[in-house]
Structure formats: C-alpha cells, structure tokens
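Structural features, examined
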Amino acid sequence: MTSTTHASALFSPESEVALIGAAMYAPDRCTDAFDQLSPDAFGDPFHAVVWGEIVAIARSGGHPQPPIVRDRIGAHPGFEPWGGFNVLWSLWDKANLSAPTDQRRHNPREAK
C-alpha cells in the first residue's frame, strides 16, 4: 500500500510548479510522485487542481501535455488569473531545458 503525503508537503510554490512541469513533460518518470502526493500536498489551491488533473490524465494512460491539461482545467475560474495556457507551456519548456540535451523533446508549438 502506498502512503499519501498531505499538508503542503512541497513547501514552496517554486517546487510545486517544478513538479507540475516535470509531470507534464515526463509523466513516466513521475509515477512515485503520482502515488505519494495528493492534491492537498500543494499549498497553492490552483496548483492542487492542476496536479489532480495531471494525475488523472496519467493514470488513465494519457500524456498530460499542456493542451490536454488546458482542455481539462481551462474553464476553472483560477486558470486565467494563474497565467493560463502560457504558464502550462512555460513549465513544460523549463522541464525540457532541464533535461540532458540528448533527451530533450521537440516542442509541438514550434511545428511549421
């Protein structure tokens, strides 16, 4: 049985958004986090919403890329004040730039 961590376990908004970005970028590498961190482990209420959707998408076999996450949470009243779709992509981009060069992914937004 897996334990779930609660009570703002991540301690900072920066660590929350870093984890959100990593989960959208490489969900296959975040399965332990999906199992161990519930949405209420996030101090920012909207980060909790985003995390819950990312986990749901990944557990259903999908890849929680920014367009898919946006489709799931775009109607939430906190989405645009948080920064909306641009923030989702910027988090994905930061995760991509943190990856070793040979493992970086092509950003679908740059397709021509």
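Report on the accompanying structure. (Residues numbered from 1 in each chain as written. Predicted model: local features only at pLDDT ≥ 70, side-chain atom pairs only at ≥ 80, totals over all residues. Heavy atoms only, no water.)

**Quick look at helix α4 (residues 66–73)**
Turning to α4, its buried residues are Pro66, Val69 and Ile73. In an axial view of α4, the angular spread of the buried residues amounts to 65°, which keeps them on one side of the axis. (Buried < 20%, exposed > 50% of the residue type's maximum accessible area, 1.4 Å probe, protein only. Helix = DSSP H or I, 4+ residues; strand = E, 2+ residues; numbered from the N terminus. Arc of directions from axis to C-beta.)

**Considerations on the pattern of salt bridges**
Enumeration according to the criterion identifies three salt bridges in this entry. Where Arg72 meets Glu53, a salt bridge forms, and the shortest distance between an N and an O atom there is 2.9 Å. With a gap of 19 residues between them, Arg72 in helix α4 and Glu53 in helix α3 (residues 45–59) connect regions that are remote in the sequence. Look at Arg72 and you get partly exposed, because its relative accessible area is 43%. For Glu53, a relative accessible area of 22% gives the class partly exposed. Ionic pairing is found between Asp71 and Arg70, a salt bridge with its closest N-O pair at 3.3 Å. Residue class for Arg70 comes out partly exposed when judged on its relative accessible area of 29%. (Salt bridge = Lys/Arg side-chain N within 4 Å of Asp/Glu carboxyl O.)

**Points about the packing of helix α1 (residues 13–25) against α3**
Orientation of α1 relative to α3, taken along the N-to-C sense of each, is 20°, at an axis distance of 10 Å. It follows that α1 is roughly parallel to α3 by the angle criterion. The chirality of how α1 crosses α3 is left-handed. On α3, the residues touching Pro13, Glu16, Val17, Leu19, Ile20, Ala23 and Met24 of α1 are His47, Val50, Trp51 and Ile54. For the contact of α1 with α3, the residue count by class is nine nonpolar, one polar and one charged. (Axes fitted to C-alpha atoms, helices over the stretch in contact; angles between N-to-C directions. Parallel < 35°, antiparallel > 145°, perpendicular 65-115°, else oblique. Left-handed = near helix turned anticlockwise from the far one by under 90°. Contact = heavy atoms within 4.5 Å. Nonpolar A, V, L, I, M, F, W, Y, C, P; charged D, E, K, R; others polar.)

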